[in-house]
Amino acid sequence: SELDAFVARGTWSIVDDKLFREFRFADFRAAFAFMTMAAFEAEALGHHPDWWNCYSCVEVSLESHDLGGISELCTTLAARMDALFEAHFRG
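Computed from a predicted model, the values in this text were never measured in an experiment.

Draft legend 1. How the structure looks around the sheet that holds strand E3 (residues 50-54). Ordered by their spatial adjacency, 4 strands build an open sheet running E1-E2-E4-E3, and the pairing between neighbours is antiparallel. Each edge of the open sheet is held by one strand with a lone partner, namely strand E1 (13-15) and E3. Between one strand axis and the next, the sheet turns by 30° as a mean value, whatever way the strands run. Looking at chain direction, E1 and strand E2 (residues 18-24) are connected through 3 bridges and run antiparallel.

Draft legend 2. Here's a closer look at the pairing of strand E4 (residues 57-62). Counting buried positions over the 6 residues of E4 gives 5, a clear majority of the element. Bridging between E3 and E4 involves 5 bridges; their strand directions are antiparallel. Paired with Trp51 across the two strands is Val60, which belongs to E4. Hairpin connection between E3 and E4: a loop of 2 residues separates the two successive antiparallel strands, and Tyr55 in this loop has a positive phi of roughly 50°.

Draft legend 3. Spatial organisation of the side chain of Thr75. Secondary-structure assignment places Thr75 in helix H3 (residues 72-88). Leaving out residues up to four positions away in the same chain, Thr75 has contacts with Leu3, Phe6 and Leu19.

Rules behind the numbers
Residues numbered from 1 in each chain as written. Predicted model: local features only at pLDDT ≥ 70, side-chain atom pairs only at ≥ 80, totals over all residues. Heavy atoms only, no water. Pairing = 2+ DSSP bridges. Helix = DSSP H or I, 4+ residues; strand = E, 2+ residues; numbered from the N terminus. Axes fitted to C-alpha atoms, helices over the stretch in contact; angles between N-to-C directions. Buried < 20%, exposed > 50% of the residue type's maximum accessible area, 1.4 Å probe, protein only. Contact = heavy atoms within 4.5 Å.

And the structure:
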């Protein structure tokens, strides 16, 4: 399936029926900057993550609450978060 192919890329996994990824950054400022950028992407999609931040770590869980599982919006937002991370924070 499309979801299996997305998960097979290796950055996201399925945990408790949600897409899950942990992002690691150099410091709190970088983690918070990522969350701010990702928030704009989430708002543009009308799809918002469940996430948690502790200093340089951001844990993200994505599910479509109204659909009761992982949807195309989840994988779209996950891919946009991956792109932000690669473009601005990898290195």
